[in-house]
Number of protein chains: 2
Amino acid sequence: MTTLQIGMLMYPGMTHLDFTGPEQVLSRLPNATIHHVWKSTDVIVADSGLRFVPSTTLADCPDLNVLFVGGGAGQMALMADDEVLGFLRRQARDASWVTAVCTGALVLGAAGLLKGRRATTHWAFVDLLPLFGAIATEGRVVVDGNLVTGGGVTAGLDFAFALVERIGGADAAQAATLGLEYDPQPPFACGHPRRADPALVERVRAELRANVDERPRAP
Amino acid sequence: MTTLQIGMLMYPGMTHLDFTGPEQVLSRLPNATIHHVWKSTDVIVADSGLRFVPSTTLADCPDLNVLFVGGGAGQMALMADDEVLGFLRRQARDASWVTAVCTGALVLGAAGLLKGRRATTHWAFVDLLPLFGAIATEGRVVVDGNLVTGGGVTAGLDFAFALVERIGGADAAQAATLGLEYDPQPPFACGHPRRADPALVERVRAELRANVDERPRAP
């Protein structure tokens, strides 16, 4: 049985839970190797200050079966970074699954990988998807062929269990769900604009969009 | 306004989502500094292979307002580690909040910090809590005075939003909930033994307990 190669892009300023949530869940797949990929293997500082060490580089990363990009303020720089966009295009060509969580979808978009595809992203950025030719689609996890995208940050968990099911089967996904005790009981039922106070929605949207100081380039 | 000092223990073999989930949520607290604490600032390898760099050491960590311990197979070694247990006892003395997620509670127990207190842990290990004098209590998040404990792995999210509410107020917790899009839609409704197939429960329990090769020492 060959080993599944999973590559997850990490970068300075990532919202690390976009990455760490799916990474923990996907690590429960049998026969999978997860690569934590960046330009170098120097330490990366995530948005919260938490520090990570990549396991390999864009240049050294093997051919991937699963390609993943998470979001965070740092993705703005990636969207104009030809080295990163070239890596994504090259890996996406033969990958079985091309995936993103949160604003990681915008990076796939900047690489030209969302054209004509149904996709989602963090609720505060969903209006940007059509700039890349994507069909913005309702849903915490959206599957269009081999493209799987999740909503904002914590949607990465729902995304990852859904991906484990598609790759490893329902049994593997259920074992991971129980092992990671994924039986959420949110203390507050305001995790999506449709369920939140409009004033809160406007305030959080303004905070999140403050660092989007220029419209991302269409590819 | 003084800065809240939050200290989160990290260690080799931790189940990193126990740590990274709460870390991401707590990082949304205003006026808080989060320390990622271990014996040295050398690279740590988590259970999945993901690599982290601590920000400070047990010796250099300032006095904490919030003390946190997550779980994972690596916690077995901590439970017999006088340097770690001493750090926890010393910090817990004046901390406003003493907290754990998953089997991190067993480490607090080994440090003698659960005696006569209501607490929870991962469902597969809840029978061990009384060994430390704790009162095993139903609930994804259990609060007993200044002790806040969460269930297994992903319970760390519910735990962290509840803790943000207590520290920063409901408004801060709601903004974090919406910003992190915490509106979970689990693909599988089997995240707790009460909702899962008994055969699956037995299989996952056996896998998780396999590395508990000796009963933890009572303190």
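Caption draft 1: Just the overall build of chain A, in detail. Counting secondary structure elements, chain A contains 7 helices and 11 strands. The C-alpha radius of gyration computed for chain A amounts to 16 Å, which stays within 12% of the reference 17 Å derived for 219 residues, consistent with globular compactness. The buried share of chain A, taken over its 219 residues, is 60%. The contacts in chain A between residues at least 6 apart in sequence include a share of 66% that link residues at least 24 apart. Carbon and sulfur atoms form 48% of the exposed surface of chain A, whose accessible area is close to 7,900 Å². Side chains of chain A give 18 positive and 23 negative charges; the mean places of these two sets differ by 5 Å.

Caption draft 2: View of the nonpolar core. One finds Leu88(A) and Leu88(B) to be the most contacted residues of the largest nonpolar core, which totals 154 residues. Discounting chain neighbours no more than four positions away, the residues touching Leu88(B) are Leu67(B), Val69(B), Val107(B), Ala111(B) and Leu113(B).

Caption draft 3: Fine view of the relation of the copies chain B and chain A. Structural alignment of chain B on chain A gives an RMSD of 0.0 Å, achieved by rotating through 180 degrees and translating 0.0 Å along the axis. Taken together, the rotation and translation relating the two chain copies correspond to the operation of a two-fold axis. For chain B, the minimum C-alpha distance to the rotation axis belongs to Phe52(B) and amounts to 2.2 Å.

Caption draft 4: Inspection of the pairing of strand β6 (residues 66-69) of chain A at higher detail. Residue and element names in this part refer to chain A. In β6, alternate side chains face the same way, and those of Val66 and Phe68 on one face and Leu67 and Val69 on the other are all buried. Here 4 bridges tie β6 to strand β7 (residues 97-101), and the two strands are oriented parallel to one another. Among the inter-strand pairings, Phe68 is bridged to a residue of β7, identified as Thr99.

Caption draft 5: Region of interest: helix α3 (residues 82-94) of chain A. Residues and elements named next belong to chain A. Across its 13 residues, α3 extends 19 Å between first and last C-alpha, which sits within 8% of the 18 Å expected from 1.5 Å per residue. Three or more residues of α3 are buried, namely Val84, Leu85, Phe87, Leu88, Gln91 and Ala92. The buried residues of α3 all sit within an arc of 155 degrees when viewed along its axis, so they share a single face. Those residues of α3 that are exposed and angled more than 90 degrees off the buried face are Asp82, Arg93 and Asp94. With a side-chain oxygen positioned 3.0 Å from the backbone nitrogen of Glu83, the residue opening α3 is Asp81.

About the cut-offs
Residues numbered from 1 in each chain as written. Chains lettered and ligands numbered in written order. Predicted model: local features only at pLDDT ≥ 70, side-chain atom pairs only at ≥ 80, totals over all residues. Heavy atoms only, no water. Helix = DSSP H or I, 4+ residues; strand = E, 2+ residues; numbered from the N terminus. Rg over C-alpha atoms; globule rule 2.2 N^0.38 Å. Buried < 20%, exposed > 50% of the residue type's maximum accessible area, 1.4 Å probe, protein only. Contact = heavy atoms within 4.5 Å. Areas by Shrake-Rupley, 256 points an atom, 1.4 Å probe, with all protein chains shown as cover. Lys, Arg positive; Asp, Glu negative; His and termini not counted. Charge placed at Lys NZ, Arg CZ, Asp CG, Glu CD. Core = buried A, V, L, I, M, F, W, Y, C linked by side-chain atoms within 4.5 Å. Least-squares fit on C-alpha atoms with pLDDT ≥ 70 in both. Pairing = 2+ DSSP bridges. Expected span 1.5 Å × (residues − 1). Arc of directions from axis to C-beta. Polar contact = N/O pair within 3.5 Å; in protein donor to acceptor, adjacent residues only side chain to side chain.

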